[in-house]
Amino acid sequence: MRARLRELLRERARERRLRAAGARAAADGFAARVHAELAEEFPDEDLGGDLAGLTEFLDRHEPGPDPEADEELLERVREARERMARGR
């Protein structure tokens, strides 16, 4: 009886680990898609490779000669960073 209970508990723990790994993979895939969309929209910008890269980009960004384009870029980067953080 105890052996069966241990086996069931191990199986449930394994299932939880697999679900968690699947959720992490889905979130990573989503973040990669959001980043790819942003990189496609602004190919000349060095946006880093992930959420931390976008935060770093915002921290070190210097205003350009076109304030409207600059503000649009910053807004799109902020939106992408928020979407990546939310995971949707």
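Use the structure listed above.
Residues numbered from 1 in each chain as written. Predicted model: local features only at pLDDT ≥ 70, side-chain atom pairs only at ≥ 80, totals over all residues. Heavy atoms only, no water.

Thoughts on helix α3 (residues 67-86)
Between the first and last C-alpha of α3 there are 28 Å, a value that for 20 residues agrees with the 28 Å anticipated at 1.5 Å per step. Here α3 has its buried residues at Asp70, Leu73, Leu74, Val77, Ala80 and Met84. Considered in projection along α3, the buried side chains sweep an arc of 125 degrees and stay on one side of the axis. Turned more than 90 degrees away from the buried face of α3 sit Pro67 and Glu68, all of them exposed. Of the surrounding secondary structure, the elements contacted by the buried residues of α3 are α1 (2-41) and α2 (51-60). N-cap assignment for α3: the residue whose side-chain oxygen lies 3.2 Å from the backbone N of glutamate 68 is aspartate 66. Following α3 by one or two positions, glycine 87 has its phi on the positive side, about 85 degrees. (Helix = DSSP H or I, 4+ residues; strand = E, 2+ residues; numbered from the N terminus. Expected span 1.5 Å × (residues − 1). Buried < 20%, exposed > 50% of the residue type's maximum accessible area, 1.4 Å probe, protein only. Arc of directions from axis to C-beta. Contact = heavy atoms within 4.5 Å. Polar contact = N/O pair within 3.5 Å; in protein donor to acceptor, adjacent residues only side chain to side chain.)

Comments concerning α1
With 40 residues, α1 ought to run about 58 Å at 1.5 Å a step, and its terminal C-alpha atoms sit 59 Å apart, in line with that. In this fold, the buried residues of α1 make contact with α2 and α3.

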